[in-house]
Structure formats: C-alpha cells, structure tokens
Amino acid sequence: MAGTKSELVVSFGEMLIDFVPTVAGVSLAEAPAFVKAPGGAPANVAIAVARLGGAAAFVGKLGDDEFGRMLAAILRDNGVDDGGVVFDSGARTALAFVTLRADGEREFMFYRNPSADMLLTHAELNADLIKRAAVFHYGSISLISEPCRSAHLCAMEIAKEAGALLSYDPNLREALWPSREEARTQILSIWDQADIAKVSEVELEFLTGIDSVEDDVVMKLWRPTMKLLLVTLGDQGCKYYTRDFRGAVPSYKVQQVDTTGAGDAFVGALLRKIVQDPSSLQDQKKLESAIKFANACGAITATKKGAIPSLPTEVEVLKLMESA
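Remember, it's a predicted structure, so these values are computed and weren't measured experimentally.

**A word on helix α4 (residues 148-161)**
An α-helix turns once per 3.6 residues; consequently, residues spaced three or four apart project the same way.
So, step 1. The terminal C-alpha atoms of α4 lie 20 Å apart, and with 14 residues this matches the ideal 20 Å at 1.5 Å per residue to within 8%.
So, step 2. Among the residues of α4, Cys148, Arg149, Ala151, His152, Ala155, Met156, Ile158 and Ala159 are the ones counted as buried.
So, step 3. Looking at the residues trailing α4, positive phi occurs at Gly163, about 95 degrees.

Here's what the structure looks like:
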C-alpha cells in the first residue's frame with residue numbers, strides 16, 4: 001500500500017429506487033409492469049468498489065420508510081459502510097420511473113418533491129467517516145437544492161482538508177434542474193475543486209456547448225489543478241487527460257442489454273485501482289491498465305439488466321480482459 005492513507009472510497013449523494021419496465025422499448029404509459037431496482041449513481045459507485053473487493057462507504061439521506069430501510073440494507077449486504085446514512089421521518093425516499101428505449105438507453109421521470117436525499121444538512125454529515133476517505137466521490141444532483149447543496153460543499157471541504165482526492169462525475173439529469181442554464185452553472189460551480197473528473201460525450205457537449213470530442217473541446221474542461229480528466233465514449237471506450245500525457249483506451253465489445261450503471265461501474269473500478277496505487281495518476285502505463293480494467297467493468301455491467309445486480313467482481317472483469 002502506498003503511503004499511510006486508507007484505500008477507502010467515500011461516495012456522497014443520492015440513493016433511490018428506479019422502477020424499470022418489464023418490457024424494453026415502450027413508453028412509461030405503455031409499460032405493462034415495473035420492477036424495483038435500487039440505484040442512484042453515487043450509491044452504485046460505492047457498491048461497484050465493494051464488489052471489486054475494495055473499501056467503500058456511502059454518505060446520504062434516505063426516507064425513514066420501507067424503501068429507505070431496504071436501500072440501507074442493500075448497502076450493508078454489499079459490503080458498503082452505511083455509517084454516513086441518515087433517515088428523514090418527514091420525507092420519502094426518492095423514486096424514478098425509467099423508460100428503457102429499444103436501444104438500451106434510458107429516459108427518466110422522477111418523484112422528488114422533496115425527497116429525503118435533498119434534505120441532508122451539513123450537521124448530519126459523518127465527518128469522521130469523510131475524513132478517512134482516500135477518495136471522496138460525488139455527482140451534481142446533490143447541488144440542485146438546499147439544504148443538500150450546502151451539505152455537499154461542506155463534505156467536499158472536510159474531505160479535501162483531510163487529504164482526500166476529490167472525484168466528480170456530474171451525472172447530468174436535465175429533468176431535475178429548473179433550467180439548462182442553472183444546471184450548467186451549478187455543475188461548473190465546483191469544477192475547479194475536482195482532482196478527477198469524468199464526463200460522458202453528452203455531458204461534454206452540454207458543458208462546453210460544442211458537439212465534438214476533439215482534444216481542444218475537452219481541454220475547455222481541463223483545470224491546472226486536475227490530476228485526471230476522462231471522457232467516456234460508451235462502447236467506444238474512453239479518452240483520458242493528465243498534466244503530462246493523454247490518450248484513448250478502447251472498450252470491450254459486448255452485447256448491450258441495459259446501460260444503467262455502466263458509467264458508475266467504470267468510475268468505481270477506476271477509483272478502486274487509483275486508491276490501490278495512487279502513482280497510476282502519474283504513470284501512463286499504469287493509468288491505461290487501470291482504465292482498461294474500468295472499461296471492462298463498465299462493459300460487463302451493460303450486458304445485464306439493472307445497475308447493482310450487474311456490477312461485476314474482479315474475477316469476472318479479469319475473465320473478460322483475458323478472453324478479449
């Protein structure tokens with residue numbers, strides 16, 4: 001282990017229940033039935049890390065209801081420390097109804113008015129847990145409304161002061177923001193603090209206003225304080241940028257069934273590798289091998305339905321990498 005810092009990845013934000021139609025390629029109105037699938041990007045990342053044998057914790061707020069208790073149990077059952085989870089007796093756990101289009105992509109309808117995750121306060125943060133993080137990971141949904149926004153900023157500060165790397169995956173959900181402008185402004189409001197940032201092609205276009213993944217466009221999101229900037233290109237793999245080098249790593253060809261959670265699996269796998277060997281951020285060969293591992297992890301997740309059930313173990317990831 002490099003240094004004395006732990007390998008703990010602490011993930012902050014929302015955990016919710018996705019209601020996924022039993023049939024793909026139909027609208028919400030046409031769907032004959034729905035199955036409940038636990039989700040929420042930051043929670044998925046924490047479980048992805050734990051599934052790969054890593055140490056992970058989740059910080060966030062759930063409703064003090066059956067769904068909230070179920071989600072906390074899912075974290076524990078998957079080996080994630082839930083010491084940062086609090087419950088709200090006045091608000092429900094968030095729900096999202098998801099449309100699976102015929103091509104495996106998704107559309108969302110959210111029930112959050114307000115949901116428990118939005119009501120987390122800075123006083124409810126488990127600061128001791130956050131201070132133990134080697135990496136503190138978060139999205140942007142927790143920036144949408146107060147008091148959660150202030151809690152988010154406070155948690156970032158606690159983690160940064162304790163020496164954690166800050167990892168940011170904005171995970172754009174346009175439907176949740178009052179406007180596109182507000183989404184862009186708020187997502188970028190904490191951009192400068194990230195050590196590691198990951199965007200999809202869609203998010204790159206959204207944040208830069210330019211529909212291109214060329215280096216000069218990506219570099220608009222680069223900050224001199226960053227250690228790693230990633231652009232994920234779905235089944236085309238991923239481009240990466242550091243202070244001293246940049247490149248692209250192709251993905252693994254698989255039969256896509258449901259892309260839900262594939263990006264979170266990618267992030268979880270990459271963070272797992274980085275906390276195991278932080279020098280990979282300065283070593284191109286090590287970084288490329290970590291990204292290959294993360295690409296394989298994302299690819300496997302897209303071959304099965306639902307996010308959490310499809311997150312792979314290390315054995316499964318290495319098997320795909322060997323067979324390719």
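That covers the picture; the talk isn't over yet.
**Quick word on the environment of Ile158**
So, step 1. Mapped onto the secondary structure, Ile158 falls in helix α4.
So, step 2. With a relative accessible area of 17%, Ile158 lands in the buried category.
So, step 3. Separated by 102 residues in the primary sequence, Ile158 and Thr260 have C-alpha atoms spaced 31 Å apart.
So, step 4. Excluding anything up to four places from it in sequence, Ile158 contacts Leu125, Ala127, Ile130 and Lys131.

**Brief notes about the packing of aromatic side chains**
The geometry of an aromatic ring pair is captured by the separation of the ring centres together with the interplanar angle, meaning the angle of the planes.
So, step 1. In the structure shown here, the tally under the stated rule is 10 aromatic pairs.
So, step 2. When the centroid spacing of 5.5 Å and the interplanar angle of 15 degrees are considered together, the rings of Phe108 and Phe110 count as stacked.
So, step 3. Consider the rings of Tyr240 and Phe245, whose centres lie 6.4 Å apart with planes at 70 degrees: the pair is edge-to-face.
So, step 4. Members of the aromatic cluster, joined through ring pairs, are Phe12, Phe136, Tyr138, Tyr168 and Trp191.
So, step 5. Looking at Arg184, its charged tip hangs above the ring of Phe206, at a distance of 4.7 Å from the centre.
So, step 6. The lysine or arginine in question, Lys273, covers the ring of Phe293, its NZ or CZ lying 4.3 Å from the ring centre.

**Topic: the pattern of salt bridges**
So, step 1. In the structure shown here, the tally under the stated rule is 16 salt bridges.
So, step 2. Between Asp117 and Arg112 there is a salt bridge, with its nearest N and O atoms 2.7 Å apart. Across the pair, exposure class does not vary: Asp117 and Arg112 are buried alike.
So, step 3. With a shortest N-O distance of 3.2 Å, Lys198 and Asp169 are connected by a salt bridge. Note that Lys198 is positioned in strand β10 (residues 196-200) and Asp169 in the loop between β9 (165-168) and α5 (180-189), a separation of 29 residues in sequence. A single burial state applies to Lys198 and to Asp169, both of which are buried.

**Observations regarding the packing of helix α1 (residues 41-51) against helix α8 (residues 262-276)**
So, step 1. For the pair α1 and α8, the least separation of the axes is 8 Å and the interaxial angle reads 45 degrees. Considered as vectors, α1 and α8 are oriented oblique to each other. α1 and α8 meet at a crossing whose hand is right-handed. Facing α1, whose interface residues are Ala41, Asn44, Val45, Ala48 and Val49, α8 presents Asp264, Ala265, Val267, Gly268, Leu271 and Arg272.
So, step 2. Split by residue class, the contact of α1 with α8 holds seven nonpolar, two polar and two charged.

**Observations regarding unusual backbone geometry**
So, step 1. The step from Asn113 to Pro114 runs through a cis peptide bond, and the omega angle for that step is -20 degrees.
So, step 2. The residue Pro114 is located in the loop between β7 (106-111) and α3 (127-131) in this model.
So, step 3. Here Glu146 and Pro147 are connected by a cis peptide whose omega angle stands at 5 degrees.
So, step 4. Of note, Pro147 is situated in the loop between β8 (135-138) and α4.
So, step 5. Look at Asn171: it is not a glycine, yet its phi comes out positive at around 50 degrees.
So, step 6. Mapped onto the secondary structure, Asn171 falls in the loop between β9 and α5.

Cut-offs applied
Residues numbered from 1 in each chain as written. Predicted model: local features only at pLDDT ≥ 70, side-chain atom pairs only at ≥ 80, totals over all residues. Heavy atoms only, no water. Helix = DSSP H or I, 4+ residues; strand = E, 2+ residues; numbered from the N terminus. Expected span 1.5 Å × (residues − 1). Buried < 20%, exposed > 50% of the residue type's maximum accessible area, 1.4 Å probe, protein only. Contact = heavy atoms within 4.5 Å. Phe/Tyr/Trp six-rings, centres within 6.5 Å; stacked < 30°, edge-to-face > 60°. Lys NZ or Arg CZ within 6 Å of the ring centre and 35° of its normal. Salt bridge = Lys/Arg side-chain N within 4 Å of Asp/Glu carboxyl O. Axes fitted to C-alpha atoms, helices over the stretch in contact; angles between N-to-C directions. Parallel < 35°, antiparallel > 145°, perpendicular 65-115°, else oblique. Left-handed = near helix turned anticlockwise from the far one by under 90°. Nonpolar A, V, L, I, M, F, W, Y, C, P; charged D, E, K, R; others polar.

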